[in-house]
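Structural features, examined
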Amino acid sequence: MHSQILAHIKRYVQLNAEQEQLLCDNLQIITLKRRQYLLEPGKLCAGNYFVLNGCLRQYIVNDKLNEQIIQFGLESWWIADQESLLTQQPSTCYIQAIEQSQVLLLTEKNRIFLFEQIPALESYFRIMMQKSFVAAQRRIGFIFNMSDEERYRNFSKLYPGFMQRVPQYMLASYLGFTPQFLSRLRAKKV
């Protein structure tokens, strides 16, 4: 179970065997059924979740009671409500398994402990946060600078396998248009 996260970390920083074991000892495996919630509004986010297998979504429900997907979590991706972790305030979003999934939980308490014991992990998480920030900036740029059709075309080129895993209404929510518009686009074979 831990080989996947260790391989991911090794892409960015090096840990010795003792550090790897300390990290693994501070991770908790969580198995989620399809549609099971990992986080709901009003609850504190427990920590950062590393996706071993499956697919998750993080979303909010807006004033019109529409779901707006903030991000997805696939294999070897991290997912969490960073605002809840930072402020120690209850979350305003949901994290839900789209498929049966397994994640590794690194609690906030354990993360702080590990940063003190293994400084390279702090560098690793800084890199992960930077990559996440770049992805969020890129997504905002796509929303503001591309038409709906261009956004769909670009996303389908970048993530063709992902397009088959996620229900159309979720993909539409993430890309910022209606499921009906997505159906019309797909019918045109864009």
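Computed from a prediction, not measured in an experiment: that's the story for all the values here. (Residues numbered from 1 in each chain as written. Predicted model: local features only at pLDDT ≥ 70, side-chain atom pairs only at ≥ 80, totals over all residues. Heavy atoms only, no water.)

1. A look at the layout of surface pockets
Put simply, the test is: Put plainly, a pocket is an open set of points on a 1 Å grid over the protein atoms alone with protein on both sides within 12 Å along at least five of seven lines, a cavity is a set where a 1.4 Å probe fits but cannot get out, and a lining residue has an atom within 4 Å of a point. Grid points are joined across faces, edges and corners, and a volume is the space filled by probe spheres set on the points. Going along the chain from the N terminus, every DSSP run of H or I of four or more residues is numbered as a helix, and every run of E of two or more is numbered as a strand. Asp, Glu, Lys and Arg are counted as charged, while Ala, Val, Leu, Ile, Met, Phe, Trp, Tyr, Cys and Pro are counted as nonpolar; the rest, among them Gly, fall into the polar class.
The computed volume of the largest pocket comes to approximately 1400 Å³. Lining the largest pocket are 41 residues, and of these Gln71, Lys131, Ser132, Ala135 and Ala136 lie nearest its centre. Counting residues per element, the ones that place at least two in the lining of the largest pocket are β4 (56–61), β5 (67–73), β6 (78–79), α3 (82–87), α5 (119–145), α6 (148–158) and α8 (168–175). For the lining of the largest pocket, a count of residues per class yields 25 nonpolar, 9 polar and 7 charged. Every residue lining the second largest pocket is listed: Asn48, Gln82, Leu85, Leu86, Glu108, Arg111, Phe115, Glu122, Phe125, Arg126 and Met129. Breaking the lining of the second largest pocket down by element, the ones donating at least two residues are α3, α4 (108–117) and α5. In terms of residue class, the lining of the second largest pocket is built from 5 nonpolar, 2 polar and 4 charged.

2. Observations concerning the environment of valine 103
Threshold: Note on exposure labels: buried denotes an accessible area under 20% of the residue type's maximum, exposed denotes more than 50%, and partly exposed covers the range between, all computed with a 1.4 Å probe on protein chains only. By definition in these notes, contact holds between two residues if any of their heavy atoms fall within 4.5 Å.
Secondary-structure assignment places valine 103 in strand β8 (residues 101–107). Taking relative accessible area as the criterion, valine 103 reaches 0% and is therefore assigned buried. Spatially, the C-alpha atom of valine 103 lies 26 Å from that of serine 156, the residues being 53 residues apart in sequence. Discounting residues that sit within four places of it in the chain, valine 103 has contacts with Gln28, Ile29, Ile30, Leu38, Tyr49, Phe50, Val51, Leu52 and Leu56.

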